[in-house]
Amino acid sequence: MGRTKGKHSENGEASGPNDPTLEIPVKNPPDKLDLILQEIKDSRQAIENRLGSITAELSILRDDQNRLSGRIQKTESNIAEILPTHTENRTAIELLQQQVQALQKRAEDAEGRSRRNNIHIQGIPEGKEGKNPTQYVEEWLKSIAEDRLSVHFVVERAHRIPSRKPPPGAPAHPLIARILNFRDRDTILQIARELDPIIVDSARISCYPDYTMIVQKRRTSFQGVKQRLRAEGITYAILFPARMRISYNQKTLFFETPDLVCAWLDETFPQSKTREPSDAPPQDNIINPTETSETDHKRRGEKLARHSNKHWKAKMTRYNQHIPYRRQTPHRVVWPRRWTAPWRRTQKGA
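An unreviewed UniProt entry lists the protein under the name L1 transposable element RRM domain-containing protein, with Pleurodeles waltl given as the organism.

Time to look at the overall build of the protein. Check the secondary structure of the protein and you find eight helices and 12 strands. When the 350 residues of the protein are sorted by exposure, 21% land in the buried category. Considering only residue pairs separated by 6 or more positions, the protein has 52% of its internal contacts joining residues 24 or more positions apart. For the protein, the exposed surface amounts to about 28900 Å²; the carbon and sulfur share of it is 54%.

All of the buried residues in helix H6 (residues 258-268) are Pro 258, Val 261, Trp 264 and Leu 265. Viewed end-on, H6 has its buried residues packed into an arc of 120 degrees, placing them on one side of the element. Residues of H6 that are exposed and point more than 90 degrees away from the buried face comprise Asp 259 and Glu 267. Contacts made by the buried residues of H6 are with helix H5 (223-232), strand E9 (243-248) and strand E10 (251-255).

Moving on to the packing of H5 against H6. When two helices pack together, their arrangement is captured by the angle between the axes and the distance separating the axes. Between H5 and H6, whose axes approach to 9 Å, the crossing angle comes to 30 degrees. It follows that H5 is roughly parallel to H6 by the angle criterion. As for the relative orientation of H5 and H6, their crossing is left-handed in sense. Together, Val 225, Arg 228 and Leu 229 of H5 and Pro 258, Val 261, Cys 262, Trp 264, Leu 265 and Asp 266 of H6 make up the contact between the two elements. Its residues assigned to classes, the contact of H5 with H6 shows seven nonpolar, no polar and two charged.

For the rest of this paragraph, the subject is helix H3 (residues 182-195). Helix length check: H3, at 14 residues, gives a terminal C-alpha distance of 20 Å against a target of 20 Å (1.5 Å per residue), a fit within 8%. Residues of H3 that are buried: Asp 184, Arg 185, Thr 187, Ile 188, Leu 189, Ile 191 and Ala 192. Buried-residue contacts for H3 involve strand E3 (118-122), helix H2 (133-145), strand E5 (175-179), strand E6 (198-200) and strand E7 (203-209). You can read the cap of H3 off the contacts: a side-chain oxygen lies 3.2 Å from the backbone nitrogen of Arg 183, and it is on Asn 181.

What follows is about the side chain of Asp 184. Among the secondary structure elements, Asp 184 is positioned in helix H3. Despite its burial, Asp 184 pairs with no opposite charge, the nearest such side chain being Arg 183 at 8.2 Å. Other than its neighbours up to four places away in sequence, Asp 184 contacts Leu 149, Ser 150, His 152, Phe 153 and Ile 179.

Glancing now at the sheet that holds strand E4 (residues 155-160). The strands making up a sheet are joined through hydrogen bonds of the backbone, oriented either antiparallel or parallel. Strand order in the open sheet formed by five strands is E4-E5-E3-E7-E6, with antiparallel pairing between adjacent strands. Of all strands in the sheet, those bounded by a partner on one side alone are E4 and E6. Adjacent strand axes in the sheet meet at a mean angle of 30 degrees, parallel and antiparallel pairs treated alike. Two strands pair when backbone bridges link them, and E6 and E7 are joined in this way by three bridges, in the antiparallel orientation.

A few words on the confidence of the model for the protein. Here the protein shows a mean pLDDT of 76. Residues at 70 or above account for 69%. Ranking the elements of the protein by mean pLDDT puts strand E11 (residues 327-328) last, at 43, and E5 first, at 93. Long-range and interchain partners of residues 1-12, a stretch whose pLDDT sits below 50, account for seven contacts in this model, where long-range means more than four residues apart. Across residues 274-294, confidence stays below pLDDT 50; counting only partners more than four residues off in sequence or on other chains, it has 10 contacts.

Counting 24 residues, the largest nonpolar core has Ile 119, Ile 121, Val 137, Trp 140 and Leu 141 as the members making the most contacts within it. Of all the secondary structure elements, the ones that give two or more residues to this core are E3, H2, E4, E5, H3, E6 and E7. The leading source of residues in this core is H2, at six residues. Ignoring sequence-local partners within four residues, the contact set of Ile 119 consists of Leu 141, Leu 175, Ile 176, Ala 177, Ile 179, Arg 185, Ile 188, Leu 189, Tyr 208 and Asp 210.

Conventions and cut-offs
Residues numbered from 1 in each chain as written. Predicted model: local features only at pLDDT ≥ 70, side-chain atom pairs only at ≥ 80, totals over all residues. Heavy atoms only, no water. Helix = DSSP H or I, 4+ residues; strand = E, 2+ residues; numbered from the N terminus. Buried < 20%, exposed > 50% of the residue type's maximum accessible area, 1.4 Å probe, protein only. Contact = heavy atoms within 4.5 Å. Areas by Shrake-Rupley, 256 points an atom, 1.4 Å probe, with all protein chains shown as cover. Arc of directions from axis to C-beta. Axes fitted to C-alpha atoms, helices over the stretch in contact; angles between N-to-C directions. Parallel < 35°, antiparallel > 145°, perpendicular 65-115°, else oblique. Left-handed = near helix turned anticlockwise from the far one by under 90°. Nonpolar A, V, L, I, M, F, W, Y, C, P; charged D, E, K, R; others polar. Expected span 1.5 Å × (residues − 1). Polar contact = N/O pair within 3.5 Å; in protein donor to acceptor, adjacent residues only side chain to side chain. Lys, Arg positive; Asp, Glu negative; His and termini not counted. Salt bridge = Lys/Arg side-chain N within 4 Å of Asp/Glu carboxyl O. Pairing = 2+ DSSP bridges. pLDDT = per-residue confidence, 0-100. Core = buried A, V, L, I, M, F, W, Y, C linked by side-chain atoms within 4.5 Å.

Structure, rendered in structure tokens:
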């Protein structure tokens, strides 16, 4: 076996393994610098991993952006192709709209002219005309007009406005009658205005020209200005289809809309500008509730009594409908189980 070379001490003597003067190297604990380096390595690794995932996502987004860019370019090219056609179509649509409006006006005018010989009769009781309304209307018009109609007066057609039969007490449906001669139609309307009101079987009858719905709404829109014109004592007339004619200071004026009439009234009569027409009754006709007569109090009391009795009867009827019928036997009257008194149920062990 080989010799083991030992270290010599200061005196020149060899020292063995058991020599206490021999120094054994001891591993030092990791200092703070090593820990910081390790943390930096871990952070770098985490950042690299995160950057890898971000790079993958960016590649996906880049692909999506390229695909969207291609679609946008295709859409822009399609729009560039469609834009001239759209301009042409828009011009054609505007032209068609103008034509439709013109045709609507012509159709409205044609319908209105086809109704020029019609009269609108309101108030004749339902069923009074029988099975031949044309003959009934012709005879009735002759009776009220007497000898003022022409020799050739004829009612071509007459019928009720088609609808369901009204319930009892409801207003009757109007009658539409077509007169053969236009002059006879104007004569009938004039007679109806002179004889107003016309009473038939305790029913008030009125005769009006037969206008279309659009014309009727346009003519009704002049109701407000009519009240102002009557208040100022101005002569006016509504021409067909809906045109107002005003005669003032030996001048004749025509207006197409109520706004134009209001503007003219405000300019001509500034003092009446703040006085707007109202549908409310005058203050002199309003009855003071504290000054009612004894008859009014009696009538009001009777009305309240009738209402109270009616309400009480209806309430008792509803109450009686929920009471079950009693089961009658030859010896006694047995009430149903649910109507048995509570103390009897306890005695019976219910």
